[in-house]
Amino acid sequence: MEETVPSDTITPPEDLTPDEKRSLLFNVSCSLEIPMEDFDKDWWPLVSNIWTQWNSHTQVNGNVRKVFACRFTKHRVSSTRSKENIPNEKCRVTKIRPSKICNAKIRVWWLVSLKIVKVERYNNSSEHTHSLLESDRLKRSQATRTLVEKEAVKNYSPPAITSAIKEYAPKLGLGASVSELKRKEVANIKYKVRGPMEAHLTCNSGLRSDISESVSFLIEKGYQVENYCVSHQSAKTTKGFVFAHPKQLEKLQRHGWLTLIDSTHKTNKYDWRLFTLYVHDTYGSWDVGAHFFVSNEDCDTVSEALKIIRSKCRQWSPRYFLLDQSGIEAKGIKKAFPGISAGEQQCDVILCVIHVMRTWMTKIYDKKTRDIMNAAMHKRTKVGCEKLVQDAINGCAISAIRNYIQRNYAKNTQQLTSFSHGLIGAAHNIINVDCKKRSESEVTAFDFHTKKISAYGVDNDIIEEIHKFPFPLQRLLVEEARAVMSFQEMFEECGYEIYEGRETIIEFVQTKEQKEAENRRLSVVELTEKIRDKYWNVEEMGNAEKTEAFISMLETSINPIISKFDNQIK
C-alpha cells in the first residue's frame with residue numbers, strides 16, 4: 001500500500017536568503033512545497049550537514065520518499081575498546097560523541113510528475129534539542145564546502161581562504177553558516193581539492209626522470225637550459241642545471257650592473273637549492289635575470305652556474321652583487337668574476353642588510369617596531385625569528401605597519417613551491433612567478449610614462465607642472481611640495497620659533513630573553529672577528545705555507561664541531 005502525501009503545504013517566497021532557507025529546513029514547523037530543481041540546487045546543500053538519511057522508499061509512480069534524522073541522533077554508542085584489554089596509554093586519543101542527543105526527523109517527498117519536493121516533520125517528531133550553530137560545528141554544509149573549494153582552486157593559503165570566505169559569505173546570505181569555519185577545516189578541504197590538481201608536480205619516477213622532465217618542460221616554455229656537474233677533491237660530485245628565458249637574459253645584459261642573488265631552500269623534495277638572479281631595471285622594478293638548481297650549495301657549484309649564465313649572456317658584466325651574508329655565494333661570485341686580475345671590470349659584493357633596512361625605514365617607520373624586526377633579521381633560528389616577528393606585530397599600534405609585517409614576514413603557507421614537489425613541480429611554479437614578474441615590470445614601465453599622481457592640498461598649477469615628470473619623480477615632488485607648504489604655514493604661525501630645536505628620545509627596552517640572545521650573537525661575532533684578525537695577521541706575513549697551514553688547522557678544528565652538530569640534528 002502506497003503512503004499518502006499530506007496536502008496542507010505552503011510554498012516559501014522566492015526571495016528568501018540562504019540563512020532563512022536553512023532556518024525553515026532546520027525546525028520544520030509546517031509542510032513546505034519547493035520546486036524540485038530549486039530544492040536540489042539551492043535548498044538541500046544548505047542543510048546537508050544537519051540531516052542524515054534514515055530510510056528511503058521508491059513508489060511505483062516514480063515518487064521517492066526519504067526520512068532524514070538529525071546527525072545528533074546517532075543511535076549507536078561509540079566503542080571504547082574496553083573488551084580488547086588494551087592499556088589506555090596505548091590507545092589513540094579520540095573524541096567520542098554521545099548518542100541519542102536529538103530525535104528530530106523530517107520526511108522529504110520527490111514528486112516526479114509535479115516536479116516539486118515536499119518537506120514535513122516525520123510522525124510529529126520533536127524539535128531539535130540544540131541550535132543550528134551546533135550543527136554547523138559538527139559538520140560543514142555542502143554549500144560551505146563548495147565556497148571553500150572555489151577559493152582553494154586559486155591556491156591561496158588556508159588563513160587567506162578563511163578570511164576571504166568569512167568576508168564574502170554574508171553578501172551571499174551565508175554569514176551564519178560560515179561563522180564557525182576553522183582554518184584547519186579549510187586546510188583539509190584544500191588538500192583534497194589541490195591534491196589531484198598537483199599530482200603532475202610530484203614526479204614519483206626518480207631524480208633522473210624528474211630532471212629530464214623539468215628540462216623538457218622548460219625548453220618547451222622557451223627557456224634556455226644547460227645541465228652541468230662539478231667534481232670535488234673529496235670525490236664528491238654536485239649536479240645542477242641553469243635555465244633562463246631570452247627576455248630575462250636581455251634584461252640581465254642591459255641592467256645587470258647591479259645583480260641580486262638569492263638562494264631559496266625547501267622548493268622540492270630532493271632539497272636541491274634554487275638560486276635566482278634579479279636585476280633592477282630603468283623603471284624601478286626588480287625582475288628575474290636567470291635561475292639555477294644545485295644539488296649542494298658550495299662555492300664551486302655556484303661559480304660554475306654563474307659562468308654558464310655569463311656564457312649565454314656575454315655582455316653581462318656586473319659591477320656589484322647584492323646578497324645576504326653568505327660566504328658561499330660571495331666566494332662563488334669571486335671565482336666567476338675575478339675582476340681586474342683577469343683583465344675585466346671589478347665586481348664587488350654588497351650585503352643585502354642595507355637594502356632591507358632602507359626599505360624598513362619607509363615601511364616600518366615606528367622605531368620600536370623596527371628595532372624588534374632588526375633583532376629578528378639577525379636571528380639564526382627560525383623559531384626565534386618568528387617569535388620576534390610576532391612580537392613586532394603584537395606590539396605595534398599602527399595598523400599599516402602591522403599589515404606590512406604580517407603580509408611580508410609573518411609565517412605564511414603560501415610558499416613559492418612545496419618541499420613535497422619534484423623538480424618538475426618547482427619548475428612549473430617558477431615559470432608562473434616569472435610570468436607574473438614580467439607582467440608587473442611591463443605595468444611599471446607603462447605607469448612610469450603615463451600615470452599621473454593626484455595630491456590633496458597641492459595647488460593645481462603646481463600639480464600640472466609635476467605631471468610633466470615620470471611617475472616615481474611625481475611622488476617625490478609632491479612630498480617636497482607638501483613639505484614646503486607645511487613649512488610656510490608653520491612660519492606664518494610661529495615665525496622664527498620654528499628654528500628652535502626639539503628632541504624626542506625613544507628608548508627600546510629589551511626583554512631578558514632578547515638581551516641574552518643579543519649577547520650570544522655578539523659572542524659569535526666576536527669569535528668570528530678573532531679568527532678573521534688572526535688570518536689577516538698570518539696573510540700579511542707574506543708566507544703562503546704558513547697561511548695554508550693556518551687554514552688547514554682551522555678546518556681541522558671546526559669541521560668535527562659542524563659534523564657533530566649535524567649528527568645531533570639527524
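Residues numbered from 1 in each chain as written. Predicted model: local features only at pLDDT ≥ 70, side-chain atom pairs only at ≥ 80, totals over all residues. Heavy atoms only, no water.

Draft legend 1. Representation of the packing of helix α1 (residues 18–26) against helix α2 (residues 36–47) in the model. Where α1 meets α2, the axes come as close as 9 Å, and the angle between the chain directions of the two elements is 70 degrees. When the interaxial angle is binned, α1 and α2 end up roughly perpendicular. Residues Pro 18, Lys 21, Arg 22, Leu 24 and Leu 25 of α1 form the contact with α2, whose own contacting residues are Phe 39, Asp 42, Trp 43, Leu 46 and Val 47. Partitioned by chemical class, the residues of the contact of α1 with α2 number seven nonpolar, no polar and three charged. (Axes fitted to C-alpha atoms, helices over the stretch in contact; angles between N-to-C directions. Helix = DSSP H or I, 4+ residues; strand = E, 2+ residues; numbered from the N terminus. Parallel < 35°, antiparallel > 145°, perpendicular 65-115°, else oblique. Contact = heavy atoms within 4.5 Å. Nonpolar A, V, L, I, M, F, W, Y, C, P; charged D, E, K, R; others polar.)

Draft legend 2. Inspection of the confidence of the model for the chain at higher detail. Of the residues in the chain, 83% have a pLDDT of 70 or more, and the chain-wide mean is 80. In the predicted structure, residues 1–7 sits below a pLDDT of 50 and forms 14 contacts with residues beyond four places in sequence or in another chain. Here residues 412–418 is modelled with pLDDT under 50, and outside its nearest four sequence neighbours on either side it reaches 16 contacts, counting other chains as well. (pLDDT = per-residue confidence, 0-100.)

Draft legend 3. Structural context of the side chain of Thr 259. Residue placement: Thr 259 occurs in strand β9 (residues 258–264). Ignoring sequence-local partners within four residues, the contact set of Thr 259 consists of Leu 252, Leu 277, Tyr 278, Val 279, Trp 316, Pro 318, Tyr 320, Phe 321 and Leu 322.

Draft legend 4. Quick peek at unusual backbone geometry. One non-glycine residue, Lys 115, adopts positive backbone phi at about 55 degrees. Tracing the backbone shows Lys 115 in the loop between β5 (105–111) and β6 (116–121). Exposure remark for Lys 115: the relative accessible area of 62% places this residue in the exposed category. Even without being a glycine, Asp 271 presents a positive backbone phi close to 60 degrees. In this structure, Asp 271 sits in the loop between β9 and β10 (273–280). The class of Asp 271 is partly exposed, set by a relative accessible area of 27%. (Buried < 20%, exposed > 50% of the residue type's maximum accessible area, 1.4 Å probe, protein only.)

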